[in-house]
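Structural overview for review
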Amino acid sequence: MKGDPALQPIAEKVARSERLTRDDALVLFNSPDLLTIGRLADLANRRRNGDRVYFAANQHLNPTNVCVLRNTCVFCSFARMPQEAGAYTRTLEEVFAEADAARDNPTREFHIVGGLHPKLGLAYYLNLFRGLRERHPGVHIKALTAVEIAHLARLERLSVRDVLRAMRDAGVTSLPGGGAEVFSPAARATIADKKLSGEEWLAVHREAHQLGIPSNCTMLYGHVETMADRVDHLLALRALQDETAGFLTYIPLAYHPDHNELGEALGRTGTATTGFDDLKNIAVGRLVLDNIPHVKTHWPMVTPFISQVALTFGCDDLEGTVVFERVYHEAGAGTPMWLGYDQVVALIRGAGKEPAERDSLYRTVRTFEDWEPTDPGRKPGVPGVRPQGPEGPTFQISHRPRARARGQRTLPVAQGIESAE
C-alpha cells in the first residue's frame, strides 16, 4: 500500500528544512499515513538531537488540590473544593517531608504544580521554594503553571512580572507548561470556562522569558478540540518562540476522561486516547515546532510502551523517573507512579537511542555508556538507583465520586476529533 500522496509536498519541505504552513499542519493531522509522518518527524529530530534521548531524575510535588476553578475546569480530576472529600493543603513541613524522598535518590528537579487555592498566598510558595533550595541545594525547581502565577498575582494585587521576579529570586529555575490546554476560545468555553485565556497564558510565559526564566509548553488533546484548533495552538506557540526563544520543550498531553464531568458528558469514561493519536501529536509537534529544541513524551499519560515508540516519531525526551505522579492518576491513568533508572535506560536503549540524564535546563549531567542494570540483591539507596517509589499516607490517590451523583450540570459538548480518524 502506497503512502498518502498528500504528504509528498510536506516531505519535500522537511527534506529542505523549510518551515511548514498552517495548511501543511492540517494535512498532517488529517492524514492516516502515520508511518510516513513519523519518519519525517524522526528525520527532523535527528537533525537537531541525533540519537540522544533525555530524561530527568525528577520528583513531582503537589502542595494543594484545592482550586477555585473546581466546578468550571470540567476536564480535571485533580481539583477539589475546600470542604470536598479528598481535599488537601500541605503545610510547608509536610511538603519538605515529601521532598525528602529526594535524599536517597539522585533527584535533580522538583516539578511543583497544584490548585488555585483561594487563601494560599505568594509567601507560602516563596517560603516553599527557599526551603527546598536550602534543603536540596543541587536540585532545580520547576514550579507553577501560568494559571497559578496569574492567580497569585490577582490574590496579591501584584503584576505577573512581580510574581515571576519574586519566584526567580526564591530559587525557581523554570516554569512547567501546564494550563495551556488548547487555546481555542470555543474549546476552552466547554472544558475550562473561567480559566486563563490562551492569550493570557502566552503573556505569562512571555513575561517569564523576558526575565530570563525558560519554560515548557503543552497542548491538551483528545477532548472536544478540532484539528484546526490543534494547528492554531501549535502556531501560537511557534510564534511566541520566534519572539522570545524561551521554550525548552513541547509536551503534548493526552486527555484522561475518568473521574471528571467532561468524560461523563462525552460518554468517554473508561476510555483513553488512541496510540495512533498519541504518536501523531508527538510527530506533528516536532514537525511544526521547528524552533523549539525538544519534544517530550509524558509516559505517565500514554504508557511507557507508547512513549518508547514515540522516540522514533520525533521525540527526544522521555520525561523522567517522576517518583509520584498524582494529577493524571486521579484521572484514571493506569501507568506506574514512577520508573527506576534501570527501566528508563532500558526503554531508551530498546528504541535504539542513547540515554542521557539532564537537568531542568537540558544540560547533560550523565550519560550511560557503561551503565549496567542494578543487581536485584543490592540494597536500595545505591547512588544512581531508584529501586522503588515512596510510601506512606501522603502518597495516596483518592478519586472523586461520579459527577452526576452530585447533581452536576450536563455539559453542551461536541466531540470535535471524531472526523480525524
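This text goes with the structure placed above it.
The notes below deal with the structure included here. (Residues numbered from 1 in each chain as written. Predicted model: local features only at pLDDT ≥ 70, side-chain atom pairs only at ≥ 80, totals over all residues. Heavy atoms only, no water.)

Describing helix α7 (residues 160-170)
- Buried within α7 are the following residues: Val-160, Val-163, Leu-164, Met-167 and Ala-170. The arc enclosing the buried residues of α7, seen along the axis, measures out at 125 degrees, which places them on a common side.
- Just downstream of α7, Gly-171 is the residue with a positive phi angle, here 125 degrees. (Buried < 20%, exposed > 50% of the residue type's maximum accessible area, 1.4 Å probe, protein only. Helix = DSSP H or I, 4+ residues; strand = E, 2+ residues; numbered from the N terminus. Arc of directions from axis to C-beta.)

Let's talk about the sheet that holds strand β11 (residues 364-367)
- Judged by pairing direction, the sheet is mixed, and its four strands sit side by side in the order β9-β1-β10-β11 without closing on themselves. Every other strand in the sheet has two partners, leaving β9 (317-320) and β11 as the edge strands with one partner each. If you compare each strand with its neighbour and ignore which way they point, the axes differ by 30 degrees on average.
- Where strand β1 (residues 52-56) and β9 come together, two bridges link them in parallel fashion. Each residue of the ladder has a partner; that of Ala-56, found in β9, is Gly-320. (Pairing = 2+ DSSP bridges. Axes fitted to C-alpha atoms, helices over the stretch in contact; angles between N-to-C directions.)

Regarding helix α14 (residues 341-350)
- Every buried residue of α14 is accounted for by Tyr-341, Val-344, Val-345, Leu-347 and Ile-348. All buried residues of α14 fall inside an arc of 160 degrees around its axis, so they share one side.
- Contacts made by the buried residues of α14 are with β1, α13 (299-310), β9, β10 (354-358) and β11.
- After α14 finishes, the residue Gly-352 shows a positive phi value of roughly 80 degrees. (Contact = heavy atoms within 4.5 Å.)

Digging into a negative patch on the surface
- Taken together, Glu-354, Glu-369, Asp-370 and Glu-372 make up a surface patch of like negative charges.
- Take Glu-354: it is sitting in strand β10. (Patch = residues over 30% accessible without salt bridge, like charges linked within 9 Å, V, L, I, M, F, W, Y side chains within 5 Å. Areas by Shrake-Rupley, 256 points an atom, 1.4 Å probe, with all protein chains shown as cover. Salt bridge = Lys/Arg side-chain N within 4 Å of Asp/Glu carboxyl O. Lys, Arg positive; Asp, Glu negative; His and termini not counted. Charge placed at Lys NZ, Arg CZ, Asp CG, Glu CD.)

Points about empty space enclosed by the protein
- Following the criterion strictly, the structure yields five cavities of 30 Å³ or more and no others.
- In terms of lining, the second largest cavity is formed by Tyr-221, Pro-252, Asp-278, Ile-282, Thr-297, His-298, Val-302, Ile-306, Ser-307 and Ala-310.
- Only α12 (275-288) and α13 provide two or more residues apiece to the lining of the second largest cavity.
- With four residues, the top contributor of residues to the lining of the second largest cavity is α13.
- Along the lines of polarity and charge, the residues of the lining of the second largest cavity split into six nonpolar, three polar and one charged. (1 Å grid on protein atoms, 1.4 Å probe; cavity = no way out; pocket = protein on both sides within 12 Å on 5 of 7 lines; lining within 4 Å. Points joined across faces, edges and corners; volume = space filled by probe spheres on them. Nonpolar A, V, L, I, M, F, W, Y, C, P; charged D, E, K, R; others polar.)

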